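# Working through the structure, step by step
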Amino acid sequence: MTRTPPTTVTPVRLWRWRRNPLKRHSDVVEAWIVLAGWLLALLAGVFAGVLAAGTSQSAFTARLSQVHPVAAVLTDDAARPPAAGSGYDDGRVWAAVRWTDADGSVHTDRAKVVPGAPAGTRITVWTNRSDRVVPAPVTGAAADLQSALTGALVAPAAGALVWGAGWLVRSRLIRRRMAEWDEEWKQIGPRWGNLSGGRG
């Protein structure tokens, strides 16, 4: 029976912050830029996602306040749909409808109805303040889902934008460090060659 050597757990070290005689001030600055970039990207993503979801929900609520349902009747028989659909329609067809306002005025317009519905069929249509038929507003679970999806789409984009800004700052810092190293090597390089007897 063979013995397996005991496994040692290596502690996680934050190498950018540990003591090192070769570490420069720019290394510490870069470490903080990386940490701040990730934290700000996360916070910006969450904030933008919540804000976008709230704005979307407010837009649905505002639209709901601008339209209202009315009871209408078909004035003609609804047409039958063609045999081959386009794939983009919901299966309903346009038909003429009529409704009466609370003040007794009669209005007519066109609305989407079930194909083949006979004249006189009662339906509910949504109208705006100009008494024109408009699409039904998004409400309830559908509005909540669309708001959540809007937030979920905006959050990663906002986070990526902030992270990209941090990456650009870090890249500029790295280029500056490389330029400083080049300048230092121009001064130390010739002396290094002399110390190594011309072999280094």
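See the structure printed just above.
These remarks concern the structure in this document. (Residues numbered from 1 in each chain as written. Predicted model: local features only at pLDDT ≥ 70, side-chain atom pairs only at ≥ 80, totals over all residues. Heavy atoms only, no water.)

### A word on the overall build of the chain
- Within the chain, the regular secondary structure consists of 2 helices and 5 strands.
- Across the 200 residues that make up the chain, the buried fraction comes to 24%.
- A sequence separation of at least 24 residues applies to 63% of the contacts in the chain between residues at least 6 apart.
- In the structure as shown, the chain presents an accessible area of about 15,100 Å², 63% of it carried by carbon and sulfur atoms. (Helix = DSSP H or I, 4+ residues; strand = E, 2+ residues; numbered from the N terminus. Buried < 20%, exposed > 50% of the residue type's maximum accessible area, 1.4 Å probe, protein only. Contact = heavy atoms within 4.5 Å. Areas by Shrake-Rupley, 256 points an atom, 1.4 Å probe, with all protein chains shown as cover.)

### Focus: the pattern of salt bridges
- Under the criterion given, the structure shown has 5 salt bridges.
- Ionic pairing is found between Asp109 and Arg132, a salt bridge with its closest N-O pair at 3.4 Å. Here Asp109 is found in strand E3 (residues 106-113), whereas its partner Arg132 is found in the loop between strand E4 (122-127) and strand E5 (133-134), with 23 residues between them in sequence.
- Among the residues examined, Arg132 registers a relative accessible area of 45% and is labelled partly exposed.
- In this structure, the salt-bridge partner of Glu180 is Arg176, at a minimum N-O distance of 3.6 Å. Linking Glu180 with Arg176, this pair stays in helix H2 (residues 140-195), spanning 4 residues, or about one helical turn. (Salt bridge = Lys/Arg side-chain N within 4 Å of Asp/Glu carboxyl O.)

### What about the nonpolar core?
- Grouped together as the largest cluster of nonpolar side chains are 13 residues, with contacts concentrated most on Ala72, Leu74, Ala78, Val97, Val113, Ile123 and Val125.
- Secondary-structure elements contributing two or more residues to this core are strand E1 (68-74), strand E2 (93-100), E3 and E4.
- For Ala72, the contacting residues outside a window of four places in its chain are Val97, Arg98, Trp99, Thr121, Arg122, Ile123 and Val125. (Core = buried A, V, L, I, M, F, W, Y, C linked by side-chain atoms within 4.5 Å.)

### Considering the packing of aromatic side chains
- Across all of its chains, the model carries 1 aromatic pair by this definition.
- An angle of 50 degrees between the planes, with centres 5.8 Å apart, marks the rings of Trp38 and Trp163 as tilted. Taken together, the residues span a long stretch of sequence, with Trp38 in helix H1 (residues 25-66) and Trp163 in helix H2 at a distance of 125 residues.
- Among the residues examined, Trp38 registers a relative accessible area of 53% and is labelled exposed. (Phe/Tyr/Trp six-rings, centres within 6.5 Å; stacked < 30°, edge-to-face > 60°.)

### Thoughts on the side chain of Ser147
- Mapped onto the fold, Ser147 is located in helix H2.
- On the basis of relative accessible area, Ser147 is assigned to the buried category, the value being 4%.

### Remarks on the pairing of E4
- Across the two faces of E4 the burial differs, with Ile123, Val125 and Thr127 buried and Arg122, Thr124 and Trp126 not buried at all.
- In this sheet, E4 lies alongside E1 in antiparallel orientation, the contact comprising 6 bridges. Looking at the pairing, Ala72 lines up with Ile123 of E4.
- Sheet topology note: the E4/E5 ladder contains 2 bridges and is antiparallel. Within the sheet, the bridge partner assigned to Thr127 lies in E5 and is Val133. (Pairing = 2+ DSSP bridges.)

### Concerning the pairing of E3
- Side chains His107, Asp109, Ala111 and Val113 project from E3 onto a buried face, and the interleaved Val106, Thr108, Arg110 and Lys112 project onto a face without burial.
- Pairing analysis gives 8 bridges linking E2 to E3, with the strands arranged antiparallel. Note that in E3 the partner of Ala95 across the bridge is Ala111.
- Counting the residues that bridge the hairpin from E2 to E3 gives 5 residues, and of these Gly104 lies at a positive phi of roughly 95 degrees.

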